Amino acid sequence: MKKLKKNYPLHVMLLPGVVFTLIYAYGPMAGLVMAFQEFEPLSGFFKSDFIGLDNFKYVFQLPDFNQVLWNTVLIAVCKMVLFLLVPLILALLLNEVTKSWFSRFVQSAIFLPFFLSWTVLGGIVIELFSLNGPVNALVSSFGLEPIMFMLDNSWFRTIIIGSDVWKGMGYNMIIMLAAITGINATLYEAAEVDGAGKWKQMIHITLPGIAPIVIVLSVLGLGGVLNAGFEQILIMYNPTVYEGSDIIDTFVYRLGIFSQQFGPAAAVGLFKSVISLALVSATYYAAYKYNNYRIF
């Protein structure tokens, strides 16, 4: 009770977020019952026939499901690795910049795309890589044939990964820069006295100092490993590149909205959520066991 009274203002501040989460995150979970029903919109949850695991069997036997699952894992893992590696490199480089005005300018320029929606950025990327766009103009200037970037599965997947990393890398970079500035400066001074150069200081001081932040970002990234960027892909892709870019979320969207197969769509969504929960739990346990990281 003493702790509750002491932290009472903090709990009050937390209350709106808790209510918002309960309504918009946990409330819709009641609809997961559709995964076990032959759901009919006019019959509703209570009158639709219960069919057990038939929706899961149907979905797993679809010829496209294995390719969709592979696309999701491949795209998401590539994004997750690059979302850690690219911001880390940028943060380490910017940390060595001595001109503060230049550092602030670069941070702002890199962070700016994070605030733009994929509705805007998707159109920009499509125009850049269109047949008559600037990228193909550059390709043609070297005497090469224009490339159908947006209609080629391998190129389109690369564009999806690269553009998403470009959009979001500024956020993680700022977090890592903040972690670097929180490292005790006396450690660097002691290292210089001992004759350690910039490289050894980075290896033995900077990287261990920001390791907890990297672990947190890894845990959060692994939790969304099966998301792979629904909004981005939905805006940019087309039937020609379904084979290389169709992910679980877009598959659910087409299955539920276009085909009106609400039960199978809910089954795929539940399958993805269970796998994501297992991955988050495993990652959090590993972080706690090997690095003593814990949220509470």
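Above this text sits the structure in question.
These numbers come from a predicted model, not from an experiment.

*Asks:* Could you give an account of a negative patch on the surface, with specific residues and numbers?
*Replies:* On the surface, a cluster of negative charge is contributed by Glu38, Glu40, Asp49 and Asp54. Considering the arrangement of structural elements, one finds aspartate 54 in helix H4 (residues 54–60).

*Asks:* Please provide a residue-by-residue account of the packing of aromatic side chains, values included.
*Replies:* In this structure the tally under the stated criterion is 19 aromatic pairs. Consider the rings of phenylalanine 56 and phenylalanine 60, whose centres lie 6.4 Å apart with planes at 50°: the pair is tilted. Of this pair, phenylalanine 56 and phenylalanine 60 both sit in helix H4, separated by 4 residues, roughly a single helical turn. For phenylalanine 60, a relative accessible area of 37% gives the class partly exposed. Seen in terms of ring centroids, tyrosine 253 and phenylalanine 258 are 5.4 Å apart; in terms of plane orientation they differ by 70°. Their pairing is edge-to-face. Using a relative accessible area of 27% as the deciding quantity, one classes tyrosine 253 as partly exposed. Joined through ring pairs, the aromatic side chains of Phe36, Phe56, Phe60, Phe65, Phe251 and Phe271 make up one cluster. The ring of phenylalanine 114 has lysine 167 sitting right over it, with the charged end atom 5.6 Å from the ring centre.

Thresholds, definitions, all that
Residues numbered from 1 in each chain as written. Predicted model: local features only at pLDDT ≥ 70, side-chain atom pairs only at ≥ 80, totals over all residues. Heavy atoms only, no water. Patch = residues over 30% accessible without salt bridge, like charges linked within 9 Å, V, L, I, M, F, W, Y side chains within 5 Å. Areas by Shrake-Rupley, 256 points an atom, 1.4 Å probe, with all protein chains shown as cover. Salt bridge = Lys/Arg side-chain N within 4 Å of Asp/Glu carboxyl O. Lys, Arg positive; Asp, Glu negative; His and termini not counted. Charge placed at Lys NZ, Arg CZ, Asp CG, Glu CD. Helix = DSSP H or I, 4+ residues; strand = E, 2+ residues; numbered from the N terminus. Phe/Tyr/Trp six-rings, centres within 6.5 Å; stacked < 30°, edge-to-face > 60°. Buried < 20%, exposed > 50% of the residue type's maximum accessible area, 1.4 Å probe, protein only. Lys NZ or Arg CZ within 6 Å of the ring centre and 35° of its normal.

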